[in-house]
Amino acid sequence: MTGSEDQRSARLIYACFPRSWRTDGRADEALGIAWDGADDAGREDLGAKQALDLSWLGLRARVGAAAQFLPLATRRLVVGLALGGGVGLAVCLLFIAAVPPTTSPGAAPLASAGTALYLAWILSSLVAAAGSEALARLCLAGTAVLTAATALFAESAGIRRPALFLLAILFALSVLALGVRPLARQRAQERWAIVGSAIIAGFGIGALGRGATYFPSTSLYYGNALMLSTLAKVTLLAFAVAALLALGSLTGRRYYLPALVISAGPWAVLAACGSTAQGRAVYIHIATATVSWFFATTMVLTMNRPNKAAVPA
Amino acid sequence: MRTEMREPTFLVLAALADQPRHGYGVQQEVTQMSGGTIRLKTSTLYAALDRLRDDGWLREVRQEFVDGRLRRYYDLTNAGRSALTAEVEQLDRRANEARRRLSHRPVTA
């Protein structure tokens, strides 16, 4: 490599770093470490591998610098809401099998490319709740890529996919949730309160709200969520009891109340809607449940400062 | 709940346990500690340094220019030292347990 090529390469690497890193010397310091290594190895240039590595560091710093504009508490809130909202929506959609808008009552559930996305979301959120930051990021990044690929290629490949606006929401939430780091420092009980209750809420919204309109004549639904078959009532009751017991053991006493509010919101709102839970009432039910979920999740996320005992990655 | 410390974090803290070092010094020390088997990439090393500094486990003690290159020297803070000590003790306990179990069944030919 010639001298001018060296300079051009160095300028390109330097340009990858955010301005804050260039002005406070961090970019110079990182380049200096790389040049020290090159000198010791007897090389006159950094080499392609090292140049790529530094560019990667710079680009990651750019993403990090963009996030730093927000205070930690806000980032934690955004990430928590994105993670909870994403998994709640995924569970809801998985349950009602959100195939294209033309879905007819009784259409086979899970017959859409969306199923893989919803399951990926559930997996990612469970991993995040368990506290594995790196693995959760990997899963969420995979989910984001899968969502984008579904939006771009599913139709041309002849595969049924959820509506584009749903894919756009899921993609945006997975990108926001990728900043799981602030959440990883929260107590495990808080993470489970957010994720576990969102799953139960998503189920409630999907099963009791939209499910009733999508499956009006199956053995489970008779066109109205409150006019359920005995089998459906028993199944839902068993699920609710098991889910709330599991949630209690995962969240501990401190977070159980807000977790209960998040979980039970949709169910309670549906009961309030009564036997008119059809048409516009279904949308009111979904909107009210979403708002109650939002406020209760915000409450969980603002109850505590980050857990200082957590180890930096 | 205490979470697992990742290897680069552990190695960087261990490299700074005896004295302050600059970035490249840490990289060399890690390679030496591992008998040449581990060489931290610049991005991994720098990301770890930056994060540990943000978390208050490291602090910058001085800086200098050598051949026009900026070198910053880092040292462990009390919090960093405590964390490293806790990690070493945990690794020690695990190693002792493994050793104890191995000694229960002698090597057979």
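Thresholds, definitions, all that
Residues numbered from 1 in each chain as written. Chains lettered and ligands numbered in written order. Predicted model: local features only at pLDDT ≥ 70, side-chain atom pairs only at ≥ 80, totals over all residues. Heavy atoms only, no water. Helix = DSSP H or I, 4+ residues; strand = E, 2+ residues; numbered from the N terminus. Buried < 20%, exposed > 50% of the residue type's maximum accessible area, 1.4 Å probe, protein only. Contact = heavy atoms within 4.5 Å. Areas by Shrake-Rupley, 256 points an atom, 1.4 Å probe, with all protein chains shown as cover. Axes fitted to C-alpha atoms, helices over the stretch in contact; angles between N-to-C directions. Parallel < 35°, antiparallel > 145°, perpendicular 65-115°, else oblique. Left-handed = near helix turned anticlockwise from the far one by under 90°. Polar contact = N/O pair within 3.5 Å; in protein donor to acceptor, adjacent residues only side chain to side chain.

Draft legend 1. Looking closely at the overall build of chain B. Helix and strand counts for chain B come out as four helices and three strands. Written out in order from the N terminus, the α and β elements of chain B read α-β-α-α-β-β-α. Looking at chain B residue by residue over its 109 residues, the buried ones come to 40%. Residue pairs at least 24 apart in sequence account for 46% of intrachain contacts in chain B once pairs closer than 6 positions are excluded. As presented, chain B carries roughly 6,500 Å² of accessible surface, and 49% of it is formed by carbon and sulfur atoms.

Draft legend 2. Fine view of helix α2 (residues 23-33) of chain B. Of all the 11 residues making up α2(B), eight are buried; the element is thus mostly covered by neighbouring parts of the structure. On its buried side, α2(B) packs onto α3 (26-40) of chain A together with α1 (7-15), β1 (21-22), α3 (42-54) and β3 (69-76) of chain B. Looking one or two residues beyond α2(B), the residue adopting positive phi is Gly35(B), at roughly 65 degrees.

Draft legend 3. Quick look at the packing of α3(A) against α2(B). Direction vectors running N to C along α3(A) and α2(B) enclose 55 degrees, while the axes themselves pass 8 Å from each other. Judged by the inter-axis angle, α3(A) sits oblique to α2(B). For the crossing formed where α3(A) meets α2(B), the hand is right-handed. Of the residues in α2(B), those in contact with Ile33(A), Asp36(A), Gly37(A) and Asp40(A) of α3(A) are Gly23(B), Tyr24(B), Gln27(B) and Gln28(B).

Draft legend 4. View of the side chain of Arg21(B). Residues and elements named next belong to chain B. Its location among the elements puts Arg21 in strand β1. Classification of Arg21 as buried rests on a relative accessible area of 11%. At 2.7 Å, the side chain of Arg21 and the backbone oxygen of Ala15 are in polar contact. Only 2.9 Å separates the side chain of Arg21 from the side chain of Asp18, close enough to count as a polar contact. With residues near it in sequence (within four places) discarded, Arg21 still touches Ala15, Leu16, Val26, Glu29, Arg72, Tyr73 and Tyr74.

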